[in-house]
Amino acid sequence: MAITKSAMNQLRAYINFTQIRFHCSKRKGTTFHVRTTLNNKGAEVVRYFSGERDEMPDSCDSFVRMDGDNSRLAQNCAAWAYHGKWGHVSHSVGENRLYSYAAFVTYSYHWIIGGDWKCDDDTNNNLSTGDSWKIYVR
């Protein structure tokens, strides 16, 4: 189950969170574990995924790597699609922006929940028991 843009907006109205943490891990892969910063760039990411804005925010300097992150995504924010931006052009105004191509490098590394379960990779063929995708807010 994934949370929609509208649901994130409603949740933000209730608890006024200021950060989002992304965590995914595949036993046969790497771990993507980042949280948005408490600066303007991090705030833009929160507003984007909460549906308060549709312009895709910059990725670099909008997050910090958390313990256990060994992802290529976090190491290569400038290479994220659309000139180092969070999101995907065709998904930026849709309800599924948080879990469909929220972060990715074209044809290389992806964050996708559901259907194509991708975590810092470009394949869903290496799924194992214990693989996980989590989103936290605070």
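Residues numbered from 1 in each chain as written. Predicted model: local features only at pLDDT ≥ 70, side-chain atom pairs only at ≥ 80, totals over all residues. Heavy atoms only, no water.

(A) Inspection of the overall build of the protein chain at higher detail. Within the protein chain one finds four helices and seven strands. Its C-alpha radius of gyration of 14 Å places the protein chain within 12% of the 14 Å reference for a compact globule of 138 residues. C-alpha extents for the protein chain along the principal axes are approximately 35 × 30 × 30 Å. By sequence separation, contacts in the protein chain at least 24 residues apart represent 60% of the contacts at least 6 residues apart. A total of about 6,900 Å² of accessible surface is found on the protein chain, and carbon and sulfur atoms cover 48% of it. When the 17 basic and 14 acidic side-chain charges of the protein chain are each reduced to a single mean position, those positions are 4 Å apart. (Helix = DSSP H or I, 4+ residues; strand = E, 2+ residues; numbered from the N terminus. Rg over C-alpha atoms; globule rule 2.2 N^0.38 Å. Contact = heavy atoms within 4.5 Å. Areas by Shrake-Rupley, 256 points an atom, 1.4 Å probe, with all protein chains shown as cover. Lys, Arg positive; Asp, Glu negative; His and termini not counted. Charge placed at Lys NZ, Arg CZ, Asp CG, Glu CD.)

(B) The side chain of Arg-97, seen in detail. Looking at where Arg-97 falls in the secondary structure, it is placed in the loop between helix H4 (81-84) and strand S4 (100-105). On the accessibility criterion, Arg-97 (0% relative accessible area) is buried. In terms of polar contacts, Arg-97 uses its side chain to reach the backbone carbonyl oxygen of Tyr-48, at 2.4 Å. At 2.9 Å, the side chain of Arg-97 and the backbone oxygen of Arg-53 are in polar contact. (Buried < 20%, exposed > 50% of the residue type's maximum accessible area, 1.4 Å probe, protein only. Polar contact = N/O pair within 3.5 Å; in protein donor to acceptor, adjacent residues only side chain to side chain.)

(C) Up close: the sheet that holds strand S6 (residues 118-121). Strand order across the open sheet formed by three strands is S4-S5-S6, with antiparallel pairing between neighbours. On the outer flanks of this sheet lie S4 and S6, each paired with one strand and no other. Across the sheet, the mean angle from the axis of one strand to that of its neighbour is 15°, orientation sign disregarded. Two elements, strand S5 (residues 109-112) and S6, share three bridges in a ladder whose sense is antiparallel. Of the residues in S6, the one forming a bridge with Trp-111 is Cys-119. (Pairing = 2+ DSSP bridges. Axes fitted to C-alpha atoms, helices over the stretch in contact; angles between N-to-C directions.)

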